[in-house]
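So you can see what is in the structure, the chains are spelled out below.
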Amino acid sequence: MIYTLGQLAEHVGGVVVGSAAKEITCLGTLAGAQQNALSFLANPKYANQLSDTRAGAVLVKDLELAKLVDNAIVVANPYLAFAQLTQIFDRPLVSWSGIHPSVVLAEDVLIGDNVSIGPNVVIEAGAKIGAGCVIGAGCVIGANASIGASTRLHANVTLYHEVVLGAYCNIHSGVVIGADGFGFAATAEGWFKIAQLGSVSIGDHVEIGANTTIDRGALENTQIGRGVIIDNQVQIAHNVIIGDNSAIAGCTAIAGSTVIGKNCTIAGGVGIIGHLTITDGVHITAMSLVSKSITTTGSYSSGTGLETTQKWRRSMARLRRIETMAKQISKLEQQINKLL
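No experiment lies behind these values; they were computed from the predicted model shown. (Residues numbered from 1 in each chain as written. Predicted model: local features only at pLDDT ≥ 70, side-chain atom pairs only at ≥ 80, totals over all residues. Heavy atoms only, no water.)

> Go over the environment of Ala125, please, and point to the residues and values.
Relative to the helices and strands, Ala125 is located in the loop between strand 11 (122-123) and strand 12 (128-129). Of the residues examined, Ala125 reaches a relative accessible area of 37% and is grouped as partly exposed. Measuring from C-alpha to C-alpha, the distance between Ala125 and Gly142 comes to 7.5 Å, with 17 residues separating the pair along the chain. (Helix = DSSP H or I, 4+ residues; strand = E, 2+ residues; numbered from the N terminus. Buried < 20%, exposed > 50% of the residue type's maximum accessible area, 1.4 Å probe, protein only.)

If you want it as structure tokens, here you go:
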């Protein structure tokens, strides 16, 4: 697939500096791109690579940077422009069309137009598949589940019964949506299972990474809003609610009945305990433990930064003495106040 620099600039609303006829066949990094590739500069710390890059052209944000290369597209947000161009260079492969003969379909399944269903898929009674969907090999779609138009399930995705998945979603391999939440009542003899009577409701334009799990609600549905993006290996427990356009990075775990607002960003490895409320527009940095509700927009962190083991041990020893030190300071304040 070949595009001219002028065509690509028009696609992202940018301005060409250099040759608009320059042919581009792929995208690449500043360090690794060749003459047929378009690269981008989004982070200023990589600006020194412009003088050495072999890329045929570069997406940059201003004319001064464009002067450092032979060809460029000047655009307000180079990273967004790069993201937009990945869509036209992407070549998603579907090795079948229509419904593969090995598919197992219940008699009353409703399937829209132009749907592709791969080998060994099982679709149970009452399920609905919207127009333009692609269902990868080995997927299982439970009874009365519903999938919106133009959604893609990659291989081996499992949707339990009554799960509702919106339109234009992208669900990667190994995802399980609608398994039982972790609900048990303690008894003298052991644990008594609480049947999980709710389901999972997911909005349009949601992306879910490989091997992520989203549990069904105990009574009401677990809810994932429109435009949410979820990385690989994330655990979302029963009755969690996640607001529109929030983003959750890999290995985060969210305990039951927590409500996360709109436009939040949660970095990798974060733990969020149950029954909390996190307001809109909150950013939580990597490896943080959220143990109380957050009511004010902003960035939040917990834990200590990396340092040498020797220094970390000294810091921890001092940390354990904080309570004793606080009592000593209080006594000193009282003695000083008596002298004043």
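Picking up where we left off.
> Summarise the nonpolar core; cite the residues concerned and give the values.
Membership of the largest hydrophobic core comes to 48 residues, with the highest contact counts inside it found for Ile135, Leu153, Ile177 and Ile272. Taken together, the elements giving at least two residues each to this core come down to strand 23 (200-202) and strand 36 (282-284). Excluding its chain neighbours within four sequence positions, the residues that come into contact with Ile177 are Thr158, Leu159, Tyr160, Val163, Ile171, Val200, Ile202, Ile208 and Ile214. In this structure, Val12, Ile24, Ile73 and Phe89 belong to the second largest nonpolar core, which totals 14 residues. (Core = buried A, V, L, I, M, F, W, Y, C linked by side-chain atoms within 4.5 Å. Contact = heavy atoms within 4.5 Å.)

> Which residues make up the sheet that holds strand 9 (residues 110-111), and what values go with them?
If you trace the 9 strands from one edge of the open sheet to the other, you get 9-12-15-18-23-26-29-32-35, paired in parallel fashion. Across the chains shown, the open sheet's two edge strands, defined by having one partner strand only, are strand 9 and strand 35 (277-278). Two elements, strand 26 (residues 222-224) and strand 29 (residues 241-242), share 2 bridges in a ladder whose sense is parallel. Bridging across to strand 29, Gln223 finds its partner in Ile241. (Pairing = 2+ DSSP bridges.)

> Could you give an account of the environment of Leu5, naming the residues involved and the relevant values?
Within the secondary structure, Leu5 sits in helix 1 (residues 5-12). Distance in space between the C-alpha atoms of Leu5 and Gly268 is 36 Å, their sequence separation being 263 residues. Setting aside its immediate chain neighbours within four residues, Leu5 contacts Val16, Ser19, Ala20, Lys22, Ile24, Leu38, Ala57, Asn71, Ala72 and Ile73.

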